[in-house]
Amino acid sequence: MCAARWTSSIIIPIPKPGTDKFRPISLTSCFSKVMERVLLNWLLFRLESKLSPRLYGFLPQRSTHHCLVELYGRLTSTSVVAFIDLKSAFDVANREVILDQLVDFGVTGNLLGWVREYLRNRTSRVLFKGASSTVQKFELGTPQGGVLSPFLFNILMHRMLSLLPDVPGITVTCYADDICIHAHTPAVLQHFLHSFSISSSLCGLIISPEKSRIFTLRNPRSLPAFTVGHSVIPVCTQYVYLGAPVRILSSTPARQRVHPVVRDLLTRLQLRLTPLQWLLNNATGVSIPVARTIYTAYIRSVVDYLSPALVQLPKSTLEPLEKFQNTVMRLILGCPMSTRIVNMLHELDLSPLIDRIHANVTYFTVKCLHFPHLSCHYSQVIRTFLQPHPRLPRLQPGGRALIKTVCSQLQRLDINVPVADIFPPPPPWMLPLPMVHFTPTYKAHPPVLQKQLALDAIASVSATIVTPHHLYTDGSVQADGTAGCAVYSPDAAPPAEGWVGRRLPAQSSSTFCELHGILDAVSLLCERRLNGVVICDSQAALHALSSPNPVCRHLVNRILTALALAHDRLLVIRFLWIPSHVSLAYNDTVDRLAKAACGLPACDAGPAPSLRCLRTRIRAAFLLFTADRTADQRAASVTIQHYDAFRHHRFKYRRRGLWVRRHNVVSARLRLGSAHCGRWLAWETSLTTPPVPCATLPTRITCATTAWTVLLWETCSRANSLSSPCANTCCKATI
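To start, this report covers the structure provided alongside it. (Residues numbered from 1 in each chain as written. Predicted model: local features only at pLDDT ≥ 70, side-chain atom pairs only at ≥ 80, totals over all residues. Heavy atoms only, no water.)

A word on the overall build of the chain
Thinking step 1. The helix and strand inventory of the chain stands at 27 helices and 20 strands.
Thinking step 2. When each of the 735 residues of the chain is scored for burial, the buried share is 49%.
Thinking step 3. For the chain, contacts bridging at least 24 residues in sequence account for 73% of all contacts bridging at least 6.
Thinking step 4. On the chain, roughly 35500 Å² of surface is accessible, and the fraction owed to carbon and sulfur atoms is 57%. (Helix = DSSP H or I, 4+ residues; strand = E, 2+ residues; numbered from the N terminus. Buried < 20%, exposed > 50% of the residue type's maximum accessible area, 1.4 Å probe, protein only. Contact = heavy atoms within 4.5 Å. Areas by Shrake-Rupley, 256 points an atom, 1.4 Å probe, with all protein chains shown as cover.)

Overview of the pairing of strand S3 (residues 80–85)
A regular strand carries its side chains on alternate faces of the sheet.
Thinking step 1. Burial within S3 is extensive, with six of its six residues counted as buried.
Thinking step 2. Judged by which residues are buried, S3 turns out to be covered on both faces: Val 80, Ala 82 and Ile 84 on one side and Val 81, Phe 83 and Asp 85 on the other are all buried.
Thinking step 3. Two strands pair when backbone bridges link them, and S3 and strand S8 (residues 178–183) are joined in this way by six bridges, in the antiparallel orientation. Opposite Ile 84, over in S8, you have Ile 179 as the bridge partner. (Pairing = 2+ DSSP bridges.)

Here's the deal with helix H6 (residues 149–162)
Thinking step 1. The terminal C-alpha atoms of H6 lie 20 Å apart, and with 14 residues this matches the ideal 20 Å at 1.5 Å per residue to within 8%.
Thinking step 2. Of all 14 residues in H6, 13 are buried, a share of seventy percent or more. (Expected span 1.5 Å × (residues − 1).)

Here's the deal with the sheet that holds strand S7 (residues 171–175)
Thinking step 1. Taken in spatial order, the five strands of this open sheet run S7-S8-S3-S9-S12, and their pairing is mixed. Only two strands of the sheet have a single neighbouring strand rather than two, namely S7 and strand S12 (235–236).

Looking at the pattern of salt bridges
Thinking step 1. Overall, the coordinates contain nine salt bridges when judged by the stated rule.
Thinking step 2. Between Arg 159 and Asp 104 there is a salt bridge, with the nearest N and O atoms lying 2.9 Å from each other. Pair noted here: Arg 159 is in helix H6 and Asp 104 is in helix H4 (residues 95–104), with a separation of 55 residues, a long-range link.
Thinking step 3. For Asp 104, a relative accessible area of 54% puts it in the exposed group.
Thinking step 4. Residue Arg 356 is joined to Asp 304 by a salt bridge in which the shortest nitrogen-to-oxygen separation is 3.0 Å. Of the two residues, Arg 356 is situated in helix H13 (residues 353–370) and Asp 304 in helix H9 (residues 288–305); the sequence distance between them amounts to 52 residues. (Salt bridge = Lys/Arg side-chain N within 4 Å of Asp/Glu carboxyl O.)

Details of the packing of helix H11 (residues 319–333) against H13
Thinking step 1. H13 packs onto H11 with a crossing angle of 115° between their chain directions and a minimal axis gap of 8 Å. Along the contact surface, H11 presents Glu 319, Leu 321, Glu 322 and Gln 325, while H13 presents Leu 353, Ile 354 and Ile 357.
Thinking step 2. Looking at side-chain class alone, the contact of H11 with H13 contains four nonpolar, one polar and two charged residues. (Axes fitted to C-alpha atoms, helices over the stretch in contact; angles between N-to-C directions. Nonpolar A, V, L, I, M, F, W, Y, C, P; charged D, E, K, R; others polar.)

Side note on the side chain of His 370
Thinking step 1. The topology assignment puts His 370 in helix H13.
Thinking step 2. Polar side-chain contacts of His 370 include one of 2.8 Å to the backbone oxygen of Pro 418.
Thinking step 3. When residues no more than four places from it in sequence are discounted, the contact partners of His 370 are Val 417, Pro 418, Val 419, Ala 420 and Leu 611. (Polar contact = N/O pair within 3.5 Å; in protein donor to acceptor, adjacent residues only side chain to side chain.)

Regarding the sheet that holds strand S17 (residues 483–488)
Thinking step 1. Here six strands make up an open sheet; going across it, the order is S15-S20-S19-S16-S17-S18 and the pairing mixed. Two strands bound the open sheet, and with one partner strand each, they are strand S15 (435–438) and strand S18 (502–504). On average, each strand axis in the sheet is inclined to that of its neighbour by 25°, with strand direction left out of account.
Thinking step 2. Pairing of strand S16 (residues 469–477) with S17 involves six bridges; the strand directions are antiparallel. Bridge pairing links Val 477 to Ala 483 in S17.
Thinking step 3. The strands touched by helix H20 (residues 585–597) are S16, S17 and S18; relative to S17, the strand with the most contacts, the crossing angle is about 145°.

Focus: the packing of aromatic side chains
Thinking step 1. Applying the stated criterion across every chain, the model contains nine aromatic pairs.
Thinking step 2. For the pair Phe 83 and Tyr 241, a centre-to-centre distance of 5.1 Å together with 45° between the ring planes defines the contact as tilted. Residue Phe 83 is found in strand S3, and its partner Tyr 241 is found in strand S13 (residues 240–241); the two are separated by 158 residues along the sequence. Pair check on accessibility: Phe 83 and Tyr 241 agree, each one buried.
Thinking step 3. Centroid distance Phe 90 to Phe 153: 4.4 Å. Interplanar angle 20°. Geometry classified as stacked. (Phe/Tyr/Trp six-rings, centres within 6.5 Å; stacked < 30°, edge-to-face > 60°.)

Focus: the packing of helix H8 (residues 260–279) against H9
When two helices pack together, their arrangement is given by the angle between the helix axes and the distance between those axes.
Thinking step 1. Two elements in contact, H8 and H9, have axes separated by 10 Å at closest approach and are oriented at 165°. Comparing their axes, H9 and H8 come out roughly antiparallel. Handedness of the H8/H9 crossing: right-handed. Contacts between H8 and H9 involve Leu 265, Arg 268, Leu 269, Arg 272, Leu 273, Leu 276 and Leu 279 from the first element and Ala 291, Ile 294, Tyr 295, Tyr 298, Ile 299, Val 302 and Val 303 from the second.
Thinking step 2. For the contact of H8 with H9, the per-class residue count stands at 12 nonpolar, no polar and two charged. (Parallel < 35°, antiparallel > 145°, perpendicular 65-115°, else oblique. Left-handed = near helix turned anticlockwise from the far one by under 90°.)

Some thoughts on the environment of Gly 229
Thinking step 1. On the secondary structure map, Gly 229 appears in the loop between strand S10 (226–228) and strand S11 (231–233).
Thinking step 2. Between the alpha carbons of Gly 229 and His 194 there is a distance of 7.3 Å; along the sequence they are 35 residues apart.

Looking at unusual backbone geometry
Thinking step 1. The backbone of Asp 414 shows a phi angle near 55°, a positive value even though the residue is not glycine.
Thinking step 2. In this structure, Asp 414 sits in the loop between helix H15 (397–413) and S15.
Thinking step 3. Exposure remark for Asp 414: the relative accessible area of 60% places this residue in the exposed category.
Thinking step 4. Positive phi, close to 55°, is recorded for Arg 529, a residue that is not glycine.
Thinking step 5. By the secondary structure assignment, Arg 529 is in the loop between helix H17 (510–528) and strand S19 (532–536).
Thinking step 6. Judged by relative accessible area, which is 52%, Arg 529 ranks as exposed.

Structure follows, in structure tokens:
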């Protein structure tokens, strides 16, 4: 009965957007999901390298952006592209073909038995509008919504792709059941479609000709009819692939004020903005930090997803998107139209939307150059164009704009992206569980107490290890961007060169430096076959060792591999966090060594910068545009000078520990400076002995003890008829 519960599920129909159909999402038990996760980790480790490189869905470090840039980097005026849709692909997936392919991959024994039992005897019942159907048994398909189902569907797609002939000039990319076939001649594409129809039928997949399309930049009348079986596939000159348009015109068509791509995007953004407007009621609405989170996660994420398509348009064409973000910022902050945009960007910690679009695509290109096996053609085109006297292929205007824009940004930032040295993680069944201990202390404790607690924690952990050796690690990032790490041990013999730190790439993150120090310490213990305690003052680095999605994954994989080797050698290595700067002698020693390592000469054979470091560098470079624009406007703007007094002091939008939007809006208007504050400051500078300046109002308002004070000031600030609202006697008396 227990096994039957693991293979049973409840189907919840979810409406498909824009249609009257439903997507059957299967809800399985928690025990089943845990077991599926275990099986998925084993299968990914054994089969990920064997899967076809043309698969991009539900695999690590692969996304829809890889499919899009691969298409944009190939599309020319002679291209003919077939977008194939599979009918109910997950529901009709042949389980026997999946198991057959697993056997061909070499999966046997208990692992194959677990997968077979997961697929067979599956029962489900539908729950819709409070009514439940009878339990039915399904012989085909994998449960949509299951943890293991997407990977098993990739196994089926791999079998289908392996049956296709290798035709020169044909490129196939698959993201789940969305298949893109690119060709340069109609005859070659038609011949390949015939082979595709045969291979898909052998795998039990059904092509839907009415939903499939043939995209071309040529005249559709000059093309022959494309058929799959006995059905004709319609031809189109525009198609939305994975939510992004395929054909992008570089200029706005005549008689249209807004570019069609931007207009459609603004329509989607406006629909998502409506719920946020409901939540931004000044009396009972959400606070400013919560509203910002909703905007970035629910609204701006749509723009981030379409960045590879939007970067192909000129910046002047994207101005409506920038105006949309400015409107949203005014809604979130509750500020009038007179508020400076640069002040709102600094207050909400946002970047201009156009700069963010270019930064996103630049960083994604860096990832593709770092892992060229994920997007071979796009990476090759970018590296070719970065060479002296490049020769760009004859792409469509949008693709040429994408390549030129990205390459110009990389050349301007002087970023040389090395190819990643892929370090495979240890097998999941050998994955060690890092033994991490934390000193039980708080920031509120006095330094003497924190030091004593740290010493007690070191003694307690050392008592559980036979002949322990203590290794202190630390990483350092200086103000000029130089970085380094160091290891020091008071009871282990130093290396041949002594306890000297390691110079790390410039602009490295602190976590990257700390993890490198931990890696050096663990490697030293494994090399000398010593038990030890690795003592570190970075909680982020220690948490990354046990995180399912850690930062600096390649470093974490190397540390875990070293721990697996130590486990095989019967070594005991434990990690301990202690607070920093509590006057521990050895901790201060390793801190000095790490800072001294930042001044060592850079070594070409040193570690390559992480993707996180490159991302920080790219975003910082794009933020310079906003800083330069602020500097240009500062001399003529009183409100920018007003905000400069507050921007370096992070203000928490709360009062008495409660998130009250009404108080948030008042504080935001005071900090940012609106029209009446600008007039007051201009008038103030003309007096020899000015009264209480408006610059002191935020501190006084936030320190007030009654809500009616805030309400009274807000009423006075809305009196636009006053030449100087702050000169009101009631406001002065209250303050």
